[in-house]
Amino acid sequence: MQQQLGTIRKARQLRRKMTLPEVLLWQHLRRSPLGLKFRRQHPIGPYVLDFYCPSAKTGIEIDGIAHAMGHNPERDLARDVWLQAQGVSLIRLPAAQVLKNAPETAETIVRTCTR
């Protein structure tokens, strides 16, 4: 229970401090394209997903350069395995892709979530 409260608190903090790629993508996903609902900084178990589409049980992670450094690749892999065990599929996108073309990235996410 305590861990869950910590994850919820962390999610709230992250909502207030979203990165630029997250803000740009949220501007498109918040409009419920094709009737899909998205949540931002969604807590699930011990993790917080950048975005989550409940009807598709799909998490969306925007990976900046830090995800390739140090122990982060191993942590990301462990997180992905845990999420898949919970029935959550995951879309990982580079932050540079979102910065380059947020509308097209949002369309790709929506297409994936409607399959």
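That block above? That's the structure.
Residues numbered from 1 in each chain as written. Predicted model: local features only at pLDDT ≥ 70, side-chain atom pairs only at ≥ 80, totals over all residues. Heavy atoms only, no water.

Please provide a residue-by-residue account of the nonpolar core, values included.
Counting residues in hydrophobic clusters, the biggest one holds 19 residues, and the most contacted among them are Leu 25, Leu 29, Phe 38, Phe 51, Ile 60, Ile 62 and Ile 109. Looking at this core, the elements with two or more residues in it are helix H2 (20–29), strand S2 (47–53), strand S3 (58–63), strand S4 (89–94), helix H4 (95–100) and helix H5 (102–113). Among the elements that line this core, the one with the most residues is H5, at 5 residues. Ignoring sequence-local partners within four residues, the contact set of Leu 25 consists of Phe 51, Ile 62, Val 98, Ala 102, Thr 105, Ala 106 and Ile 109. In this structure, Leu 49, Tyr 52, Leu 83 and Val 88 belong to the second largest nonpolar core, which totals 5 residues. (Core = buried A, V, L, I, M, F, W, Y, C linked by side-chain atoms within 4.5 Å. Buried < 20%, exposed > 50% of the residue type's maximum accessible area, 1.4 Å probe, protein only. Helix = DSSP H or I, 4+ residues; strand = E, 2+ residues; numbered from the N terminus. Contact = heavy atoms within 4.5 Å.)

Summarise H5; cite the residues concerned and give the values.
Taking 1.5 Å of rise per residue, the 12 residues of H5 would be expected to cover 16 Å, and the 16 Å separating its terminal C-alpha atoms lies within 8% of that figure. Taken together, the buried positions of H5 are occupied by Ala 102, Thr 105, Ala 106, Ile 109, Val 110 and Cys 113. Projected down its long axis, H5 carries its buried residues within an arc of 140°, all on one side. In this fold, the buried residues of H5 make contact with H2, S2, S3, S4 and H4. With a side-chain oxygen positioned 3.2 Å from the backbone nitrogen of Glu 104, the residue opening H5 is Asn 101. (Expected span 1.5 Å × (residues − 1). Arc of directions from axis to C-beta. Polar contact = N/O pair within 3.5 Å; in protein donor to acceptor, adjacent residues only side chain to side chain.)

Tell me what's going on with the sheet that holds S3, and back it up with residues and numbers.
Read across the open sheet, the 4 strands follow the order S1-S2-S3-S4; overall the sheet is mixed. Among the strands making up the open sheet, the edge pair consists of strand S1 (39–44) and S4. Ignoring which end each strand starts from, the neighbouring axes of this sheet average 45° apart. Set on the sheet, H2 makes contact with S1, S2 and S3; between it and S2 the angle comes to about 35°. H5 rests against S2, S3 and S4 of the sheet, and its axis sits at about 165° to S4. (Pairing = 2+ DSSP bridges. Axes fitted to C-alpha atoms, helices over the stretch in contact; angles between N-to-C directions.)

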